Amino acid sequence: MTCLTIIQDVCQRINLPNPSSAAQSTDPAILQLVALANKEGEWQSNKDWQVLTKETTFLTTSVQLQTTLSVTAPGLKNIINDTIWNRDLRRPVYGPMTVQRYQQVQAAVFAGPWNQFIIQGDNILFFPVPVAGQHCYFQYTTQNWCESAGGIGQSRFTMDDDVLLLREDLFKLGLEWRWKKAKGLEYAQEFADYETFMVDALARDGTRDIINMGSARYDIYPGILVPSGSWPI
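Parameters at a glance
Residues numbered from 1 in each chain as written. Predicted model: local features only at pLDDT ≥ 70, side-chain atom pairs only at ≥ 80, totals over all residues. Heavy atoms only, no water. Helix = DSSP H or I, 4+ residues; strand = E, 2+ residues; numbered from the N terminus. Rg over C-alpha atoms; globule rule 2.2 N^0.38 Å. Buried < 20%, exposed > 50% of the residue type's maximum accessible area, 1.4 Å probe, protein only. Contact = heavy atoms within 4.5 Å. Lys, Arg positive; Asp, Glu negative; His and termini not counted. Charge placed at Lys NZ, Arg CZ, Asp CG, Glu CD. Core = buried A, V, L, I, M, F, W, Y, C linked by side-chain atoms within 4.5 Å. pLDDT = per-residue confidence, 0-100. Polar contact = N/O pair within 3.5 Å; in protein donor to acceptor, adjacent residues only side chain to side chain.

**Quick word on the overall build of the chain**
1) Next: Tallying secondary structure elements over the chain gives six helices and 11 strands in all.
2) Next: In terms of C-alpha radius of gyration, the chain reaches 24 Å, well past the compact-globule figure of 17 Å for 233 residues.
3) Next: Dimensions of the chain along its principal axes, counting C-alpha atoms only, are 65 × 65 × 35 Å.
4) Next: When the 233 residues of the chain are sorted by exposure, 36% land in the buried category.
5) Next: The contacts in the chain between residues at least 6 apart in sequence include a share of 61% that link residues at least 24 apart.
6) Next: Charge separation in the chain, taken as the distance between the mean sites of 19 positive and 24 negative side-chain charges, equals 5 Å.

Written out as structure tokens, the structure reads:
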């Protein structure tokens with residue numbers, strides 16, 4: 001759904017006139033709804049939604065500074081732990097180092113064989129310095145919960161045709177209770193419905209690994225595979 005269609009749907013719920021424009025509206029009531037929608041988007045982007053999880057890559061350099069995050073991962077909220085891998089060496093990049101550990105390895109007279117990383121000043125730094133030209137990948141979550149009609153990630157609605165990336169039904173519930181709260185109206189039931197919906201939506205978002213306390217579930221061991229069904233002896 002777009003910014004405009006979301007605002008129109010919510011207006012019908014809260015008994016406001018259906019607007020023909022939202023982000024470019026001159027109506028203070030509609031502009032307030034857009035502002036509340038941006039607040040809801042900012043709040044929901046702090047949750048771990050699969051639609052906001054992205055993968056990116058960079059090439060190693062022969063100096064400590066490897067890449068600038070604002071360039072490599074636009075809209076970065078955080079790097080997902082243990083996902084930085086050097087695919088040429090087929091091994092992880094360990095970290096993040098604490099600032100204490102970083103200063104320790106800087107002062108050391110030797111460097112181990114395993115790359116470690118630290119994030120400073122919007123940059124990823126490696127120690128020891130790697131060979132240039134190797135492919136590193138990692139996954140991260142973005143704060144860009146919507147995008148322009150052209151597919152450019154954004155952290156707020158600015159145009160009527162901006163597209164929401166989050167769940168539409170949950171987003172509209174959040175916008176509805178926020179509007180009632182802003183107007184000083186009773187919103188306890190709407191907020192309770194929203195919170196319940198949020199918990200269920202997060203639990204079902206994407207996929208979840210099965211916690212198995214018994215034997216391995218997916219391991220494939222060496223041997224002869226015999227297909228099930230009738231077969232001649």
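**Considering the nonpolar core**
1) Next: With 29 residues, the main nonpolar core has Ile7, Leu33, Phe157, Phe171 and Leu175 as its most contacted residues.
2) Next: Of all the secondary structure elements, the ones that give two or more residues to this core are helix H1 (3–13), helix H2 (28–44), helix H5 (168–182) and helix H6 (188–204).
3) Next: Residues contacting isoleucine 7, with those up to four places away along its chain left out, are Pro19, Ala22, Ile30, Leu33, Val34 and Leu175.
4) Next: Judged by nonpolar contacts, the second largest core, of 12 residues, contains Leu69, Ile79, Phe126 and Cys136.

**Here's the deal with the confidence of the model for the chain**
1) Next: Chain-level pLDDT for the chain is 91 on average; 92% of the residues reach the 70-or-more range.
2) Next: Per-residue pLDDT, averaged within each element of the chain, yields its smallest value for helix H4 (residues 99–107) (90) and its largest for strand E11 (residues 163–164) (98).

**Brief notes about the side chain of threonine 141**
1) Next: Along the polypeptide, threonine 141 turns up in strand E8 (residues 135–142).
2) Next: Separated by 2.7 Å, the side chains of threonine 141 and asparagine 78 make a polar contact.
3) Next: With residues near it in sequence (within four places) discarded, threonine 141 still touches Leu52, Thr53, Gly75, Leu76, Lys77, Asn78 and Ile80.

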